[in-house]
2 protein chains.
Amino acid sequence: MTGAPIFPTRRLRTTPFMDRVVENGVSAFTIYNHMFLPVVYNSLEEDAAHLKQYAQIWDVSAERQVQLHGPDARKLAVMMSARDLTNAQPGRCYYAPITNKDGKFINDPVALCLANDLFWFSVADSDLIHWAAGLATGLGLDVQVSEPDVSPLAIQGPMAEDLMADVFGESIRDIKFFRFAQYEFMGRKLNIARSGWSKQGGFEIYLDDFSLGNDLWDAIWAKGAPYNLRAGCPNLIERVEGGLLSLGTDMTSDDTPLNAGLEKFISLDSGHDFIGKDALLAQRDAGGYARLKGLKISGDAAQPVSNPVDCFINGEKVGFITTAVYSPDFKCNLAFAMLDVAAQENGTTVLVTLDNVQREAVVCDIPFLRE
Amino acid sequence: MTGAPIFPTRRLRTTPFMDRVVENGVSAFTIYNHMFLPVVYNSLEEDAAHLKQYAQIWDVSAERQVQLHGPDARKLAVMMSARDLTNAQPGRCYYAPITNKDGKFINDPVALCLANDLFWFSVADSDLIHWAAGLATGLGLDVQVSEPDVSPLAIQGPMAEDLMADVFGESIRDIKFFRFAQYEFMGRKLNIARSGWSKQGGFEIYLDDFSLGNDLWDAIWAKGAPYNLRAGCPNLIERVEGGLLSLGTDMTSDDTPLNAGLEKFISLDSGHDFIGKDALLAQRDAGGYARLKGLKISGDAAQPVSNPVDCFINGEKVGFITTAVYSPDFKCNLAFAMLDVAAQENGTTVLVTLDNVQREAVVCDIPFLRE
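As annotated in an unreviewed UniProt entry, chain A carries the name Dimethylsulfoniopropionate demethylase and comes from Paramylibacter kogurei.

The following block contains the structure:
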C-alpha cells in the first residue's frame, strides 16, 4: 500500500497497555475493533522465532468482549452461534462461528460462559455487538448486550506457563486448554484462560479495569527475566504456519464457515438450531463451493500480500490467495487460498504471482504439516 | 501515540481510488469501516487552506453503504432512524442518527432514499449492517440488508460545482443541497448528491463499480486544471471550524443524540416511533445531561488530541475535550468538549492542558462563529 502512518484520533481507541507497547518498541499496528493492535516489534521473523522459544506478553485489548447478561443470555447465545452452546459450561471457552441468516460470517469469536446467564464473546474484527443487540431488540429478549471494560493481555510461548505460575501461583498449571478460572490481582478477580492466538500455548488475562493496565503488565514483566520475556503480538508467520484464520482476511462476510473449512466447529447434524443453519445445510447439500486451502509456494521469500492474489490453472482463475508469508521454518512461502473445486485436491499445482514473479504453488491441508 | 505505520492486510480494505491516492502523495490514513481513508496530504493547514479556495477530489470510499431493499425496507428504515423517514422521498438525503433501545448511538449515517423500497445508509465508522440485519432477522421483516459495491468519491470546495458541470454537464448545478440525481458514466448511471463532509460545498459521486475507480478519478482530474484541483480528504481543521461531528470521536456508543446536541435531527415530538425514542424522551425530561459544546482555547498552536483531555473549573472535572486543533483562520485552538451542566453556559471559562501547557478555554456554541 504505502508507508503512510495512521493519524491518531479518539475514534481509534488506545489500550490500557499502550504506554508499555510503545516503550517496548512496537514497529507496526493494525486497527481491530476500532482499537490499536500491535502486529510487529522487531521483525515478523525475529518476533516469530522468539515466540517459539520463550515467553511473550501481548496487548490484545482489541479482542473486545460482547457481553450477554440476563435471563435470555443463553437463549441468545445459542441462537447466534453455529457451535452448539446449549450445554455450555461456566469456566469453558468455545470457538463459535456466528452467521447471518444466509449462513455468512458475522464474526468468529471465542465464547466464554461465565455463568448460566452471563456470556462473553471475545470478538474478531466486526461489531458483533450490533448483531446481538439487533436480534435482542427485534425478538424482545430479556438480555443486556454491552461491551464491558475488559481488555485481554496474553502471555504466549512455551515458557508462558512457568511465567504465569510465578506471577499467579502454581494452580495456574491446572487450567486446561480453553478453560478459565479467576485469579486475584490488586483486589480484582480476573478471568484467566488457557488460550491465545498462537499455537505455542499460553494464557489470556481478561483485565476488567482499564486503569490497571500498567500495573498488570509490570507485575508480569518483573518476573519475566528467566523466561526471556519480550513484548510481542499475534505473529503473521506463526499464525499461518499453525493454520489460524483471520476474519476479514481469510474469510469475509461473503463466506460461510463451510468455505472456511470449519465444519468441525459448527453443529449441522445435531438438533441445534441457529441463525444460518438452513442456508449452511443447503450449501453443504449442493456442494461445489470454494474452500480455504493451504498453499506451499516455490521461489524466494515474498512480501506478505495485502490484497487477494489470483491463482490459475491453465490460464483459468481457480481462486485467490488471502494471506501469504515466507516461513523460515518451512523454508518456503506459505499461503491460505480460497479455491474452487477444480483446485481443492491436495497436490494440485496452481500458478500465482508474488513480488512480480510467477511461481508454482502446491495445494495442501490447513494447518501445514512439516515434511 | 507513535509514528508506527499500519501493517497492510486484506482485512483493512483498499479502495477503488487507492492508486491515485498514493500517486498524489497521501501522508496519513485512518481506518474507517475496515477500509483505508486518507486524512492528510500536504499538511492539515495547507490542505484546509486549499479546500477553502479551490476544488478537491476526495476518496471517501470508506463511507460504505448499508442497503435496505424489499417490501419492508421503509418500515425498517423508519424504525431505525431517530429522524422521521416515514415520508422520505426518492432523490433526497437525510442525516439520520441511529440509536439503540437505550437511545445511544449505533451510527449517524446520511440516509438516501433511492426508491420506496430501496434505501442506502451512508455510514459512519461502525457496522450498522449488523444492527439492521439483526433487527430484520429478529423481527422477521421482508428486506434484504447488504453492503453493495458502492464507493463514494467526493468533489469539495467552492469550485466544485464548476468542475462538476464541466464533467457531467450544466444540469448538475440544479441539484439542491442533500438531493441527488443520476448521471451517466461509462455506461453506468451513478447517483450524484450535493453533499459531503465539509462546509465548502460540493458533491458525492456514488461509484457502483470498483473496477472503474481510476477511470472516474481520471475523467474528473482531466478537467481539473482551471479549478486548481488537488487530491484532498476530510480535513480536521475545516470540520472543526464548521462544526461537523465525528462518531467515535466527538460522541460514542456511550452518548445519545441529545448529548451531541442533535435535537433538530431527531423527531421526539411527532408521532414518529423509533428504537430509542422512549429513552431519549426520558433523558430530555430528566435533563442535567452532558452536552457537546465548542471551546476557544488560548495560547500557542497545540497538537491535535488523540485521547480525551479533561476540563476543569476550580479543580473539579467538568467534562473532556473530544477533538482539538489549531485553526489558522480563527487564530486560536478550537475544540469540541463533552461538558457537564456546570460548564455548558456560553462564556464559561474552563482550564485544559494541551501540549503540557495549562490554558483557559471559553465555552461557545457549535458551529464556531467568527468574531
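1. Quick word on the overall build of chain A
Helices and strands together make up the secondary structure of chain A, namely 8 helices and 21 strands. Here the C-alpha radius of gyration of chain A, 21 Å, is about what a compact globule of 371 residues would show, namely 21 Å. Taken along its principal axes, the extent of the C-alpha atoms in chain A is 65 × 50 × 40 Å. Intrachain contacts of chain A at a sequence separation of at least 6 include 65% that bridge at least 24 residues.

2. Brief notes about the sheet that holds strand 4 (residues 65-69) of chain A
Note on sheets: strands pair through backbone hydrogen bonds, and any given pair is parallel or antiparallel. Residue and element names in this part refer to chain A. The 5 strands lie next to each other as 5-8-9-4-10, forming an open sheet whose pairing is antiparallel. Only two strands of the sheet have a single neighbouring strand rather than two, namely strand 5 (92-95) and strand 10 (144-146). Each strand axis lies, on average, 20° off the axis of its neighbour in the sheet, ignoring direction. The strands touched by helix 3 (residues 73-80) are strand 4, strand 8 (110-115), strand 9 (118-122) and strand 10; relative to strand 9, the strand with the most contacts, the crossing angle is about 35°. Against the sheet, helix 4 (residues 128-139) contacts strand 4, strand 9 and strand 10, and its axis sits at roughly 165° relative to strand 10.

3. Focus on the relation of the copies chain A and chain B
In screw terms, the move from chain A to chain B is a rotation of 180° and a rise of 0.0 Å along the axis, fitting with an RMSD of 0.0 Å. The transformation relating the two chain copies, once decomposed into turn and shift, fits a two-fold axis. Interface residue correspondence from chain A to chain B reaches 100%, placing this contact among same-surface, isologous pairings.

4. A short note on the interface of chain A and chain B
Listed as interface residues are 55 residues of chain A and, on the opposing side, 55 residues of chain B. At the junction of chain A and chain B, the tally comes to 2 salt bridges. Between B:R11 and A:D125 there is a salt bridge whose closest N-O contact spans 3.0 Å. If you look at where chain A meets chain B, you find 21 residue pairs in polar contact (both at pLDDT 80 or more). Broken down by secondary-structure element, the contributors of at least two residues to the side of chain A that touches chain B are helix 1 (18-23), strand 1 (28-32), strand 2 (35-40), helix 4 and strand 18 (316-327) of chain A. Broken down by element, the residue count for the side of chain A that touches chain B peaks at 8 residues, all from helix 4 of chain A.

5. With respect to unusual backbone geometry
Residue and element names in this part refer to chain A. Of the consecutive residues I366 and P367, the connecting peptide bond is found in the cis state with omega at 0°. Residue position: P367 is located in the segment after strand 21 (357-364). Not every positive phi belongs to a glycine, and N356 is a case in point at roughly 65°.

6. Points about the sheet that holds strand 4 (residues 65-69) of chain B
Residues and elements named next belong to chain B. Spatially, 5 strands are ordered 5-8-9-4-10 in an open sheet, and the strand pairing comes out antiparallel. Where the open sheet ends on each side, the last strands, each with one partner, are strand 5 (92-95) and strand 10 (144-146). In this sheet, adjacent strand axes meet at a mean angle of 20° when their direction is disregarded. Of the strands in this sheet, strand 4, strand 8 (110-115), strand 9 (118-122) and strand 10 touch helix 3 (residues 73-80), which is tilted by about 35° from strand 9. Strand contacts of helix 4 (residues 128-139): strand 4, strand 9 and strand 10, with the helix running at about 165° to strand 10, the strand carrying the most contacts.

7. Quick word on helix 5 (residues 160-168) of chain B
Considered for burial, the residues of helix 5 of chain B that qualify are B:A160, B:L163, B:M164, B:A165 and B:F168. Just downstream of helix 5 of chain B lies B:G169, where phi reads positive at about 105°.

8. Observations regarding the side chain of B:D209
Residue and element names in this part refer to chain B. If you trace the backbone, D209 turns up in the loop between strand 14 (202-207) and helix 6 (213-221). For D209, a relative accessible area of 18% translates into the label buried. Polar side-chain contacts of D209 include one of 2.7 Å to the side chain of S211. Beyond its immediate chain neighbours, meaning those up to four positions away, D209 contacts D149 and R188.

9. Topic: the pattern of salt bridges
As enumerated under the stated definition, the model contains 42 salt bridges over all chains in all. Across the salt bridge formed by B:D208 and B:R188, the nearest N and O atoms sit 2.6 Å from each other. Note that B:D208 is positioned in the loop between strand 14 and helix 6 and B:R188 in strand 13 (residues 188-193), a separation of 20 residues in sequence. Its relative accessible area of 29% is what places B:R188 among the partly exposed residues. With a shortest N-O distance of 3.2 Å, B:K317 and B:D310 are connected by a salt bridge. Its relative accessible area of 43% is what places B:K317 among the partly exposed residues. Because the salt bridges share partners, they merge into one network encompassing A:E161, A:D162, A:E170, A:R173 and A:R194.

10. Things to note about the UniProt feature "domain: Aminomethyltransferase C-terminal" (unreviewed entry) in chain A
The UniProt entry lists residues 291-368 of chain A under the feature "domain: Aminomethyltransferase C-terminal" (unreviewed entry), expressed in the numbering used here. For the annotated span residues 291-368 of chain A, helix accounts for 0% and strand for 59% of the residues, and the straight-line distance between the end C-alpha atoms is 16 Å.

11. So, the packing of aromatic side chains
If you walk through the whole model with that rule in mind, you get 18 aromatic pairs over all chains. Measuring from centroid to centroid gives 5.7 Å for A:W120 and A:Y206, while their planes differ by 45°, and the two rings are tilted. Residue A:W120 is found in strand 9, and its partner A:Y206 is found in strand 14 (residues 202-207); the two are separated by 86 residues along the sequence. Judged by its relative accessible area of 7%, A:W120 is buried. Taking relative accessible area as the criterion, A:Y206 reaches 2% and is therefore assigned buried. On the numbers, 6.3 Å between centres and 70° between planes, the contact of B:F330 with B:F368 is edge-to-face. Of this pair, B:F330 sits in the loop between strand 18 (316-327) and strand 19 (332-339) while B:F368 sits in the segment after strand 21 (357-364), placing them 38 residues apart in sequence. Here a set of aromatic residues connected by ring pairs shows up, and it is made of A:F17, A:W217 and A:W221.

How each quantity is defined
Residue indices begin from 1 for each chain and proceed along its sequence in written order. Whichever chain is written first is A, and whichever ligand is written first is 1; the rest continue in order. Side-chain atom pairs in this predicted model are given and counted only at pLDDT of 80 or more, local residue features only at pLDDT of at least 70, and totals for whole chains, interfaces and linings cover all residues. Side-chain descriptors were evaluated using all non-hydrogen atoms of the structure, hydrogens and water having been removed beforehand. The helix count covers DSSP runs of H or I at least four residues long, the strand count covers runs of E at least two residues long, and both are numbered beginning at the N terminus. Here the radius of gyration uses the C-alpha set of atoms, whereas the globule reference equals 2.2 Å times the residue count to the power 0.38. In what follows, a contact means two residues having at least one pair of non-hydrogen atoms within 4.5 Å. When DSSP finds two or more bridges between a pair of strands, those strands are recorded as paired. Only the contacting stretch of a helix is used when fitting its axis, a line to C-alpha atoms as for every element, and angles between N-to-C directions run 0 to 180 degrees. Only residues with pLDDT of at least 70 in both copies contribute their C-alpha atoms to the least-squares superposition of the copies. Any carboxyl oxygen of Asp or Glu within 4 Å of a side-chain nitrogen of Lys or Arg constitutes a salt bridge here. For this analysis, a polar contact is any N or O atom pair within 3.5 Å, provided that within protein one partner can donate a hydrogen and the other can accept it, and provided that sequence-adjacent residues contribute only side-chain to side-chain pairs. Between buried and exposed lies partly exposed: a residue is buried under 20% and exposed over 50% of the maximum accessible area for its type, with that area taken using a 1.4 Å probe on protein chains only. UniProt positions are given in the numbering used here, feature names are shortened, and annotations may be inferred rather than shown by experiment. Note on aromatic pairs: the rings of Phe, Tyr and Trp (six-membered ring only in Trp) are paired at centre separations within 6.5 Å, and the planes decide the class, stacked below 30 degrees, edge-to-face beyond 60, tilted for the rest.

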